[in-house]
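Fold and geometry: a report
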Amino acid sequence: MTKSPSSLLIKLSKLISNFFNPLNSLIIYFIIYSAKNSTLRESALQFLPILAFTIIPISGFIFWKVKKKDYTDLDVSNRQQRKSLYFFIAGCILVYLAFIYLRYQEIDWVLFFLFILLVTMQVSNYFIKSSMHTALNIFVAALLFAIEPILGGIWLGISVLVGISRIILKRHTLAEVLSGSLIAGVISFIYLYTHIQISN
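Presented here is a report on the structure given in the accompanying data block.

Rules used throughout
Residues numbered from 1 in each chain as written. Predicted model: local features only at pLDDT ≥ 70, side-chain atom pairs only at ≥ 80, totals over all residues. Heavy atoms only, no water. Helix = DSSP H or I, 4+ residues; strand = E, 2+ residues; numbered from the N terminus. Rg over C-alpha atoms; globule rule 2.2 N^0.38 Å. Buried < 20%, exposed > 50% of the residue type's maximum accessible area, 1.4 Å probe, protein only. Contact = heavy atoms within 4.5 Å. Areas by Shrake-Rupley, 256 points an atom, 1.4 Å probe, with all protein chains shown as cover. Lys, Arg positive; Asp, Glu negative; His and termini not counted. Charge placed at Lys NZ, Arg CZ, Asp CG, Glu CD. Phe/Tyr/Trp six-rings, centres within 6.5 Å; stacked < 30°, edge-to-face > 60°. Axes fitted to C-alpha atoms, helices over the stretch in contact; angles between N-to-C directions. Parallel < 35°, antiparallel > 145°, perpendicular 65-115°, else oblique. Left-handed = near helix turned anticlockwise from the far one by under 90°. Nonpolar A, V, L, I, M, F, W, Y, C, P; charged D, E, K, R; others polar.

1. Digging into the overall build of the chain
A tally of helices and strands in the chain yields 8 helices and 0 strands. Over its C-alpha trace the chain gives a radius of gyration of 17 Å, about what one expects of a compact globule, namely 16 Å for 200 residues. Dimensions along the principal axes, computed over C-alpha positions, put the chain at roughly 55 × 40 × 35 Å. Taking all 200 residues of the chain together, 42% fall into the buried category. Relative to all contacts within the chain whose residues are 6 or more apart in sequence, the contacts with residues 24 or more apart total 69%. When the accessible surface of the chain is split by element, carbon and sulfur atoms take 72% of a total near 11,200 Å². With 17 positive and 8 negative side-chain charges, the chain shows a spacing of 12 Å between the two charge centroids.

2. Side note on the packing of aromatic side chains
Considering all chains together, one arrives at 14 aromatic pairs under this definition. Measuring from centroid to centroid gives 6.2 Å for Phe-61 and Trp-64, while their planes differ by 50°, and the two rings are tilted. With Phe-61 and Trp-64 both in helix H3 (residues 40-67) and 3 residues apart, this pair spans about one turn of that helix. Note on Trp-109 and Phe-112: the rings are 5.5 Å apart at their centroids and 80° apart in plane angle, and the pair reads as edge-to-face. Pair noted here: Trp-109 and Phe-112 are both in helix H5 (residues 109-125), with a separation of 3 residues, about one helical turn. Residue classification places Trp-109 among the partly exposed residues on the basis of a relative accessible area of 34%. What makes Phe-112 partly exposed here is its relative accessible area of 31%.

3. Brief notes about the packing of helix H6 (residues 132-147) against helix H8 (residues 174-199)
At their nearest, the axes of H6 and H8 sit 8 Å apart, and the two run at 25° to each other. Viewed along their axes, H6 and H8 adopt a mutual orientation that is roughly parallel. You can see that H6 and H8 cross each other, and the crossing is right-handed. The residues of H8 that touch H6, namely those facing Thr-134, Ala-135, Ile-138, Phe-139, Ala-142, Leu-143, Phe-145 and Ala-146, are Val-177, Gly-180, Ser-181, Ala-184, Gly-185, Ser-188, Tyr-191, Leu-192 and His-195. In terms of residue class, the contact of H6 with H8 is built from 11 nonpolar, 6 polar and no charged.

4. Some remarks on the packing of H3 against helix H4 (residues 79-104)
Where H3 contacts H4, the two axes come as close as 9 Å, and the packing angle between them is 165°. As judged from the angle between their axes, H3 and H4 are roughly antiparallel. Like other packed secondary-structure pairs, H3 and H4 cross with a definite hand, here right-handed. Together, Pro-49, Ile-50, Phe-53, Thr-54, Pro-57, Ile-58, Phe-61 and Ile-62 of H3 and Ser-84, Leu-85, Phe-88, Ile-89, Cys-92, Ile-93, Val-95, Tyr-96, Phe-99 and Ile-100 of H4 make up the contact between the two elements. Of the residues assigned to the contact of H3 with H4, the class counts are 16 nonpolar, 2 polar and no charged.

Here it is, written out as structure tokens:
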């Protein structure tokens, strides 16, 4: 018995949405960045603080909240539930930024702009549940564009697919995906402008 086109579309949308969730996309960016700019040892040393201060605590927090039934799902699709998640993620990133500044006397501009993006998403959440999946993937596209424009272009295409998948899965409306895209587009433009100024 063949599956209906709609069930195949939903399965494909779930695959895209789950694989390109914000944490996975950021990890993929860090792997690509490290492969192009650092040795394996340097990459590990750079990635460990990110892992310790952001990825592990955020993943653990979401799983814990889902287990307690405070969050309905791992995507934290509920707009009210999402408020506490934004605050927690912002706190983790601030701790990481403080550690990097105190340890190395430098600013991690990628995580700084990620913090700005999340704060903006938090503010927008009071008015519309902007798509975090779409926004974070557009931001990753900008990060990759700064390394290699072709990679950035490919990831922008992936971001469009992610946005469409969120609509198909009924996790977001078109307006919410467009809102996330607009916010990420503005922050990404400012990041790229800053990146160019710092690099010159």
